[in-house]
Amino acid sequence: MTVTINDLIVNALPLPVLTIGPGYSIVHANTAAEAFFDASLRMLQRQKLTDFLPFGSPVSSLVEEVRKRGASVSEHRVDIGTPRLGTERIVDVFATPLGDASDNVVVMLQERTIADKMNRQLTHRGAARSITALGALLAHEIKNPLSGIRGAAQLLEQSADEGDRLLTRLICDETDRIVKLVERMELFGDERPVERGPVNIHGVLDHVKRLAQSGFARHIRFVENYDPSLPPVLGNRDQLIQVILNLVKNAAEAIGIDATDGEITLSTAFRTGVRLQVPGSQERVSLPIELSVSDNGPGIPAELMSDLFDPFVTTKVQGSGLGLALVAKIVGDHGGIIECDPAPRRTTFRVLLPMHRALPGIDADM
């Protein structure tokens, strides 16, 4: 068998890639696909894609949709778990026409996105280990004693000399800092449904940019790359401001206060073909609204990428490691996903959100 340069390239990819022919036959599979399905290429070619999928899997209809549209389509959080593959195999599926005269479709699988991983960590950990339970515990057991400590320090400050006042002020400042940390962790325990409506995402971005330019990012140049025809997002404006503000603040801190060429790019786009399965149901929601925050800082260390959205993971000396964890939670509560695209001197955080669909006779408040 002759090995072409294309075969070498496909086999070098770390993600499973399959070429699907008529009748869901498997025409070709790369090395990662052989490992994923625990079968050799010859064995895979003797079977159909549907033989490896659960009955009624959306992957089958995805292949047919690509053939019908002649365009790429992707779906997120698709469960292809079977007794053969394992009881739970959550993947993102990317399908595209091969581009030749045949009806062959190339299918790429990616096990569990960063957003899925964060969602599982925040909702499926045991109560004792969960950040939700930890936040509630800290709020109950720490905030009340801290209030007493701060009050006592303030009383001592009234009769203390100048030197001792520095110490009482230090006590007050440190208790305030701990209270703020606990309050941020309390947000993880808020399981109330998010009140959502039509939100002009460009208004959110402009608001955050003004905040940043008047404070922590006054030394950084902002570049806007907006799609002016973008429809409103289905979201909560205050929470979306918090998401973008966190991402922009992280970008500014990555660039540093001494940078003379710091640049943050804010982008929006309308993307078709991206869908997400709602956890706990068979409903699939389109996520066509894409917003991105990019910076030209030094980038994210490779060893942190797999745990980037975990609580307490940070590269900052004084950081709490809760910012991106909270961002992932808010985006997840909105039914969206967040991804990080790291590159040298260009780190991009990309958020995909659902579009607001106005009811007949009701105008969207943009």
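Residues numbered from 1 in each chain as written. Predicted model: local features only at pLDDT ≥ 70, side-chain atom pairs only at ≥ 80, totals over all residues. Heavy atoms only, no water.

- The name an unreviewed UniProt entry assigns to the chain is histidine kinase, from the organism Microvirga makkahensis.
- Taken directly from UniProt, the Catalytic activity (unreviewed entry) text for the chain runs: "ATP + protein L-histidine = ADP + protein N-phospho-L-histidine." (UniProt positions renumbered as here; feature names shortened; annotations may be inferred.)

### Let's talk about the nonpolar core
Step number 1: Ranked by size, the top nonpolar core spans 38 residues in total, and within it Ile244, Leu247, Val248, Ile264 and Ile338 carry the most contacts.
Step number 2: Elements supplying a minimum of two residues to this core: helix H8 (201–213), helix H9 (237–255), strand S9 (263–270), strand S12 (289–295), helix H10 (323–333), strand S13 (337–341) and strand S14 (347–353).
Step number 3: At nine residues, the largest contribution of residues to this core is made by H9.
Step number 4: When sequence neighbours within four positions are dropped, the list of residues in contact with Ile264 reads Ile220, Arg221, Phe222, Val223, Val248, Ala251, Ala252, Ile255, Val293, Ser294 and Asp295.
Step number 5: Listed in part, the 27 residues of the second largest apolar core include Leu62, Val63, Val73 and Ala95. (Core = buried A, V, L, I, M, F, W, Y, C linked by side-chain atoms within 4.5 Å. Buried < 20%, exposed > 50% of the residue type's maximum accessible area, 1.4 Å probe, protein only. Helix = DSSP H or I, 4+ residues; strand = E, 2+ residues; numbered from the N terminus. Contact = heavy atoms within 4.5 Å.)

### Describing the pattern of salt bridges
Step number 1: Taken as a whole, this structure holds 12 salt bridges when the rule is applied.
Step number 2: Residues Arg169 and Glu157 are paired through a salt bridge, measuring 3.3 Å at the closest nitrogen-oxygen approach. Of the two residues, Arg169 sits in helix H7 (residues 162–186) while Glu157 sits in helix H6 (residues 131–159), which places them 12 residues apart along the sequence.
Step number 3: Relative accessible area serves as the criterion here: at 18%, Glu157 is assigned to the buried category. (Salt bridge = Lys/Arg side-chain N within 4 Å of Asp/Glu carboxyl O.)

### Comments concerning the confidence of the model for the chain
Step number 1: Mean pLDDT over the chain stands at 78; residues scoring 70 or higher make up 74%.
Step number 2: In this model residues 120–129 is a low-confidence stretch, pLDDT under 50, and it forms 12 contacts with partners more than four residues away in sequence or in other chains.
Step number 3: Contacts from residues 359–366, a stretch scored under 50 in pLDDT, to residues over four places away or in other chains number eight contacts. (pLDDT = per-residue confidence, 0-100.)

### Regarding H9
In an α-helix there are 3.6 residues to a turn, and that puts residues three or four apart on one side.
Step number 1: Between its terminal C-alpha atoms H9 stretches 27 Å, which fits the 27 Å expected from 19 residues at 1.5 Å a residue.
Step number 2: Those residues of H9 lying buried are Leu240, Ile241, Val243, Ile244, Asn246, Leu247, Val248, Asn250, Ala251, Ala252 and Ile255. (Expected span 1.5 Å × (residues − 1).)

### Section: the sheet that holds S12
Step number 1: Reading across the sheet, the five strands line up as S7-S9-S12-S14-S13 and stay open at both edges, with mixed pairing between neighbours. Every interior strand has two partners, whereas the edge strands, strand S7 (221–225) and S13, have only one. The sheet shows a mean angle of 15 degrees between the axes of neighbouring strands, taken without regard to direction.
Step number 2: Summarising the sheet, S7 and S9 pair through five bridges and their orientation is parallel. Of the residues in S9, the one forming a bridge with Glu224 is Leu266. (Pairing = 2+ DSSP bridges. Axes fitted to C-alpha atoms, helices over the stretch in contact; angles between N-to-C directions.)

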